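Observations on the three-dimensional arrangement
What follows is the residue order along each chain.
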Amino acid sequence: MKLLVRVRYDGTAYCGFQVQPNGTSVQAVLCRAAEDVFGFPVNVTGCSRTDAGVHALAFVAALEPKDESCRGSSWCTIPAGRVHRAFAHVLPPDVAVTGAAFVPDDFHPRYGVVSKEYIYRISDAPADDPFLRGRVCRRPKITEAGEGLMREAMLLFLGTHDFAGFMAAGSKITDTTRTVSAVSLTRDDDGCLVFAVRADGFLYNMVRIMAGTLLDVAAGHKTLADVRRAVTEADRGAAGFTAPPEGLYLRDVTYSEPIPWACD
């Protein structure tokens, strides 16, 4: 049996989710917290690798004892609905468990993913909002016409394509084909533009390059023809800049079967 947890975090202070030698990661924080809660070392496996400064609204991670002899159906004695309470006492204020569920041993939080949804938040208000600092990408005012062009451009992402033109250099991934099933552009309660994209998987910096491309289109630095070429010809030079990490959030992760999250 594995314990699955749903996690929200503000990624500002972290070098990303995965443990790295150059800074504090969310994974390391969860490992320490889990050992405090259960009294023995625990493996924490995440559904994704978020970059430094990137946030998560519903990250999924699987927990199991490092010592295989401790594994079984009874290693976690805390009811799923109360797991969040146990972690609340040992996690820093910028990381929180918001639900838990028990899943079979063969469940993998990353390889079992059917789709993920990311959002990218853009503030183009005339004045800075200190409560949004580190949580949005700040840009000059985007005109109504610019928003319209962004909406046209994002539709070109839909479908199955080779998205190598939207991948950062240095990635070791060889299969760069992904299927984008949904995109949207809305305004939230803070007045921020929110670009949302759902796909069966994402390449390194894919959403940030998509967001930068849309912003370049709105500013007149890129055309719809450029975006079409970036998508159909996997041309990185035709795509836009890589938008900064602080506007990016992992919003949803789905699996073939619904997860029975509990939070009492």
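Residues numbered from 1 in each chain as written. Predicted model: local features only at pLDDT ≥ 70, side-chain atom pairs only at ≥ 80, totals over all residues. Heavy atoms only, no water.

Right, let's get into the side chain of Arg-208. By the element assignment, Arg-208 lies in helix α4 (residues 206-219). The class for Arg-208 is buried, based on a relative accessible area of 12%. If near-sequence neighbours (up to four positions away) are discounted, Arg-208 is found in contact with Asp-51, Tyr-120, Phe-241, Thr-242, Ala-243, Pro-244, Pro-245 and Leu-248. (Helix = DSSP H or I, 4+ residues; strand = E, 2+ residues; numbered from the N terminus. Buried < 20%, exposed > 50% of the residue type's maximum accessible area, 1.4 Å probe, protein only. Contact = heavy atoms within 4.5 Å.)

Opposite charge on two side chains lets them pair, provided their charged atoms get close. Scanning all chains against the criterion turns up 13 salt bridges. A salt bridge links Asp-10 to Arg-135, with the shortest nitrogen-to-oxygen separation between them at 2.7 Å. Residue Asp-10 is found in the loop between β1 (2-9) and α1 (26-38), and its partner Arg-135 is found in the loop between β5 (113-123) and β6 (137-138); the two are separated by 125 residues along the sequence. The exposure class assigned to Asp-10 is buried, which follows from its relative accessible area of 16%. The class of Arg-135 is partly exposed, set by a relative accessible area of 33%. With a closest N to O distance of 2.9 Å, Arg-121 and Asp-188 form a salt bridge. With Arg-121 in strand β5 and Asp-188 in the loop between β8 (177-187) and β9 (193-199), this pair connects stretches of sequence that are 67 residues apart. Several salt bridges share partner residues, and in doing so they unite Asp-124, Lys-141, Glu-147, Arg-151 and Arg-187 into one network. (Salt bridge = Lys/Arg side-chain N within 4 Å of Asp/Glu carboxyl O.)

Before going further, it helps to spend a moment on the pairing of strand β4 (residues 95-103). The element β4 is extensively covered by neighbouring structure, given that seven of its nine residues are classed as buried. Sheet topology places β1 next to β4; eight bridges connect them, and they run antiparallel. The residue bridging Leu-4 from the neighbouring strand is Ala-101, located in β4. (Pairing = 2+ DSSP bridges.)

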